[in-house]
Amino acid sequence: MKEKVVTGITATGKLTLGNYIGAIKNMIKMQNEYDMYIFVADLHALTTYIDPKILKENKKNILALYLACGLDANKVTLFYQSDISAHSELNWLITTITNTGELSRMTQFKDKSQNIVKQENGTEMIPTGLFVYPALMAADIILYNPKYVPVGIDQKQHLELCQKLVKRMNKKYNLDFNEPRPIIPQLGAKIKSLQNPENKMSKSDKNENASIYLLDKPEVAYKKIQKAITDSENKIYISEDKPGVLNLLTIYASLKNINLEESERYFKDKDYKELKEEVGSVVKEFLEQLQEKYNKVLNSIDEIAKNGANKAREIANQNLLKIQKAFGIK
Ligand code: AQP
């Protein structure tokens, strides 16, 4: 029997090249070997005061992009998180075994709570949902009892907390759920912002030039690469001290399916102008092909989400019932 794998992407915005290289590409590589449950995390997106109309659009875009990038609905189970009510139900149970100290140590909470602040009657509001995000993420995972969870580096801390919570739940309630292990891509686990290469490329970055969106017009994406921040040395080699150059080398390597050293060798005698032109062309070509497929799959996503939810619901409900019985509420 194939090992189970669970993973998802939050519907907070338009997907970026970082989401593709750091997450989706890995899912595609794994889809023949594993029994994969891949969802669109729309409940998680609500932690950011998102406009309901935009959230609705994002959900569909992400599902269509999963398919356009190469996920095959006959091999993997694709669904919207909110279609399976077990996610919300288990979330509550998980919060009862999660400590506030653990949640307040999450770096994503610390970072995001500085940005996702709403002013109401002059008071700053940070949503409780943002604070308990890792508990919902743990529920998302536990419901399918996977062995592995593919994530980018930024989600590693949340996954470590999930392992801790599974251990705690198993011990306290005499259960035997797997402590899920992360699978982190060797290349591109943290694609950086084009405008501030110290930070990761993020779909909710306010600066449009910082991220390549998978649905950017290809020529716009090309221009963004030409504007990418590098440094003044004009020499191309791998170094953590040259995050802008390293980022472009990584993007090139990932889209060309070569390793970072090969990418470095290829650009060794070239200058930054040539680097940006070549990376820009590769990105442009990638987006052209992707968007052609995207337009073809748009009509099929509702049916795919419905079938995926039916399959996911069955497993999720079975595991939820097992946990509810152990907790003493069923
Ligand atoms: N820049 C990145 N490089 C590599 N991997 C990345 N991921 C996200 N950005 C990069 C990986 O994509 C998966 C889905 O992420 P998510 O959308 O659920 O949450 P996130 O990590 O918070 O992604 P964003 O784009 O930064 O979203 P916002 O702006 O909403 O916070 C994860 O595996 C993540 O590691």
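Residues numbered from 1 in each chain as written. Predicted model: local features only at pLDDT ≥ 70, side-chain atom pairs only at ≥ 80, totals over all residues. Heavy atoms only, no water.

## Here's the deal with the packing of aromatic side chains
Okay, step 1: As enumerated under the stated definition, the model contains ten aromatic pairs in all.
Okay, step 2: Summarising the aromatic geometry, the rings of Tyr34 and Tyr148 are spaced 5.8 Å apart at their centres and angled 80° between planes, so their arrangement reads as edge-to-face. Separated by 114 residues along the polypeptide, Tyr34 in the loop between helix 1 (17-30) and strand 2 (35-41) and Tyr148 in strand 6 (residues 148-150) bring together distant segments of the chain.
Okay, step 3: You can call Tyr148 buried: its relative accessible area is 16%.
Okay, step 4: Consider the rings of Phe79 and Tyr144, whose centres lie 5.7 Å apart with planes at 50°: the pair is tilted. (Phe/Tyr/Trp six-rings, centres within 6.5 Å; stacked < 30°, edge-to-face > 60°. Helix = DSSP H or I, 4+ residues; strand = E, 2+ residues; numbered from the N terminus. Buried < 20%, exposed > 50% of the residue type's maximum accessible area, 1.4 Å probe, protein only.)

## Description of the domain arrangement of the protein
Okay, step 1: According to the domain assignment, the protein consists of domain 1 (4-189 + 301-327) and domain 2 (208-294).
Okay, step 2: For domain 1 and domain 2, the distance between their C-alpha centres works out to 29 Å.
Okay, step 3: Both faces considered, domain 1 and domain 2 share a buried interface measuring about 1500 Å² in area, 75% of it formed by carbon and sulfur atoms.
Okay, step 4: Broken down residue by residue, the surface that domain 1 buries against domain 2 is led by Leu17, Ala68 and Leu187, which jointly contribute 38%.
Okay, step 5: On the surface where domain 1 and domain 2 come into contact, there are one salt bridge.
Okay, step 6: Counting across the interface, domain 1 meets domain 2 through five residue pairs in polar contact (both at pLDDT 80 or more).
Okay, step 7: At the level of elements, helix 1 and helix 3 (52-69) are the ones that each hand at least two residues to the side of domain 1 that touches domain 2.
Okay, step 8: Here the side of domain 1 that touches domain 2 takes five residues from helix 3, the largest share from any one element. (Domains from an automatic or database assignment. Buried area = accessible area lost by both parts, 1.4 Å probe. Salt bridge = Lys/Arg side-chain N within 4 Å of Asp/Glu carboxyl O. Polar contact = N/O pair within 3.5 Å; in protein donor to acceptor, adjacent residues only side chain to side chain.)

## Comments concerning the packing of helix 4 (residues 86-95) against helix 14 (residues 301-327)
Okay, step 1: Two elements in contact, helix 4 and helix 14, have axes whose closest approach is 10 Å; the angle formed by their N-to-C orientations is 25°. Considered as vectors, helix 4 and helix 14 are oriented roughly parallel to each other. When you trace helix 4 past helix 14, the crossing you get is left-handed. Together, Ala86, Glu89, Leu90 and Leu93 of helix 4 and Ala316, Asn317, Leu320, Ile323, Gln324 and Phe327 of helix 14 make up the contact between the two elements.
Okay, step 2: Taken together, the residues of the contact of helix 4 with helix 14 break down into seven nonpolar, two polar and one charged. (Axes fitted to C-alpha atoms, helices over the stretch in contact; angles between N-to-C directions. Parallel < 35°, antiparallel > 145°, perpendicular 65-115°, else oblique. Left-handed = near helix turned anticlockwise from the far one by under 90°. Contact = heavy atoms within 4.5 Å. Nonpolar A, V, L, I, M, F, W, Y, C, P; charged D, E, K, R; others polar.)

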